[in-house]
Amino acid sequence: MWLDPQHMEMTASGHFEIRLEQPFAIHFRYSCWRSGLVCERREQGRWVTDAHTDYGMALLDIARLAGEQSVPGRFAGQIPVSVRRAVQPYFYQQTRLLQWLAREPAAGELFAHSPHLLWLLVAHSELEGWPAIQVSALLSAPRRNIVQALGGEDSKALLKLLGRVQLVRGDLKECRLLLQLCREQTPMMLRVLAQQPALTIYHVLFAVRFPELLQSRFMLLNEVSRFSSCDALTARLKSISRIWQDVLRLAEALNIPDAGRALNRCADMDALNRLHDRWTDRLNRQHCLAAHGSMYFPAPPLPGNEHIIPIETLEDLQAEGRLMRHCVASYVNRIMAGECYIYRIMQPQRATFELGYSQGQLTVMQVQLQRNHRASNETHQAIHDWLRRENDKQRSYANIQSG
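What you see is a predicted model, and the numbers here were worked out from it, not measured in a lab. (Residues numbered from 1 in each chain as written. Predicted model: local features only at pLDDT ≥ 70, side-chain atom pairs only at ≥ 80, totals over all residues. Heavy atoms only, no water.)

A. Geometry of the overall build of the protein chain. Along the protein chain, the regular secondary structure elements total 19 helices and 9 strands. Taking 2.2 N^0.38 as the reference for a compact globule, 403 residues should give roughly 22 Å; the C-alpha atoms of the protein chain span a radius of gyration of 29 Å, well beyond that estimate. Dimensions of the protein chain, computed from the C-alpha atoms along their principal axes, are close to 90 × 55 × 35 Å. For the protein chain, the residues scored as buried account for 50% of the 403 residues in total. For the protein chain, long-range pairs separated by at least 24 residues make up 59% of all intrachain contacts whose partners lie at least 6 apart in sequence. When the 46 basic and 40 acidic side-chain charges of the protein chain are each reduced to a single mean position, those positions are 5 Å apart. (Helix = DSSP H or I, 4+ residues; strand = E, 2+ residues; numbered from the N terminus. Rg over C-alpha atoms; globule rule 2.2 N^0.38 Å. Buried < 20%, exposed > 50% of the residue type's maximum accessible area, 1.4 Å probe, protein only. Contact = heavy atoms within 4.5 Å. Lys, Arg positive; Asp, Glu negative; His and termini not counted. Charge placed at Lys NZ, Arg CZ, Asp CG, Glu CD.)

So this is what it looks like as structure tokens:
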């Protein structure tokens, strides 16, 4: 939130007053630290206590950016240094967290032993609209009761882990990840996380968003700290998860009973790719798919052009799978049943794509580059333009026939 210094002032009574024009016009103020940082809104010429006590503001961050001699800097300077240092890592609900610490001694005691747990309690109570009396009751309760109130199970291992997690931004995304860990913890998840010498929020993201990868030997858990954001790590893990799931589908098609063991032996990403390629080649070579020779597929619903070519035989499909290093050959049964149709596109990227029917209309179901990498927007657009032109041609021809 950007605040214009001209719209802020420190009053003689020690209040920090703010006038916002965007995104909505509002005039409000905070009392000093000793008075509990109470938030009041100016309404019809008088101050009224406001239930919306945060407004998305992070008082300490605003003060840090504005400087010690600024209005927010001088106001924040009233807060004890030890409190400011401890609360600074929490951006989301930062002001709300400060308010509880200013008003409730029990909040300070909990924060001293489990700072993340207090943050999660405050944030969750705001997200769920809990009354203050409910939060106050939990502040004095055993920590396991707080975990249960957050939707989790009583676990000493979880409480110990929460105390070790290093935040990066302390924003809403990271808060939701810790809440998800509380709700979805499993013994294996907690055991794997506990083994990390420097536990960060990125490790938590890995565990709660991609639990299927936890049993892998490499897991990238030693590399996650190099990522600059949760979004960057999520994109990387989604790519790995796609290959992982692809390998499991290959194993099912090949009737391999111990796929999990083979996957867990992969020591790095290269090993996972090699396993994927090996099983892809094995599937593409299976004699049962060859059906004693060349097998023609049902006629494609749309013809190709110089850059888009329909795949019309089993041999051609197998060749596509070997060249592109993906498991397109596993689609044989669906192709033979007329459920989907496979094409290759040569420009602007070399890719394989699937057409299928959705609500009676031909639709592009997926587009994959080599090794299941994502195609560019330009490639997607080229395919959609071709599909639209061919559909228009068929409709025009049908109109002529019916006329």
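Structure shown, so let's carry the discussion forward.
B. Region of interest: the sheet that holds strand β3 (residues 26–30). What the 5 strands build is an open sheet, ordered β1-β2-β3-β4-β5; its pairing is antiparallel. Both edges of this open sheet fall to β1 (8–10) and β5 (46–49), since each of them pairs with a single strand only. For this sheet the average axis-to-axis angle between neighbouring strands, irrespective of direction, equals 25°. Pairing of β3 with strand β4 (residues 39–43), which is carried by 3 bridges, proceeds in the antiparallel orientation. Residue F28 lies in a different strand from β4, and its bridge partner there is R41. (Pairing = 2+ DSSP bridges. Axes fitted to C-alpha atoms, helices over the stretch in contact; angles between N-to-C directions.)

C. Highlighting the environment of L60. For L60, the position within the fold is in helix α1 (residues 59–66). For the pair L60 and A382, spaced 322 residues apart in sequence, the C-alpha separation works out to 50 Å. Setting aside its immediate chain neighbours within four residues, L60 contacts A76, I79, R84, V87, Q88, Q94 and L98.

D. Helix α11 (residues 187–194), seen in detail. Regarding α11, the residues found buried are M189, L190, V192 and L193. What you see down the axis of α11 is that its buried residues fit within an arc of 165°, all on one side. Looking at the buried residues of α11, the elements they touch are α9 (156–162), α10 (172–184) and α12 (201–209). (Arc of directions from axis to C-beta.)

E. Main features of the pattern of salt bridges. What the rule picks out here adds up to 16 salt bridges. One salt bridge connects R64 with D61, and the closest N-O pair in it is separated by 3.2 Å. Taken as a pair, R64 and D61 lie in helix α1 at a separation of 3 residues, close to a single helical turn. Taking the relative accessible area as the measure of exposure, R64 reaches 51% and is therefore exposed. In this structure, the salt-bridge partner of R249 is D246, at a minimum N-O distance of 3.6 Å. Of this pair, R249 and D246 are both found in helix α13 (residues 230–254), 3 residues apart, which corresponds to roughly one turn of the helix. We classify D246 as buried; its relative accessible area is 2%. Taken together, the salt bridges that share partners define one network made up of D316, E320, R344 and R350. (Salt bridge = Lys/Arg side-chain N within 4 Å of Asp/Glu carboxyl O.)

F. Up close: the side chain of Q94. Locating Q94 in the fold gives a position in helix α4 (residues 94–103). Judged by its relative accessible area of 0%, Q94 falls in the buried class.

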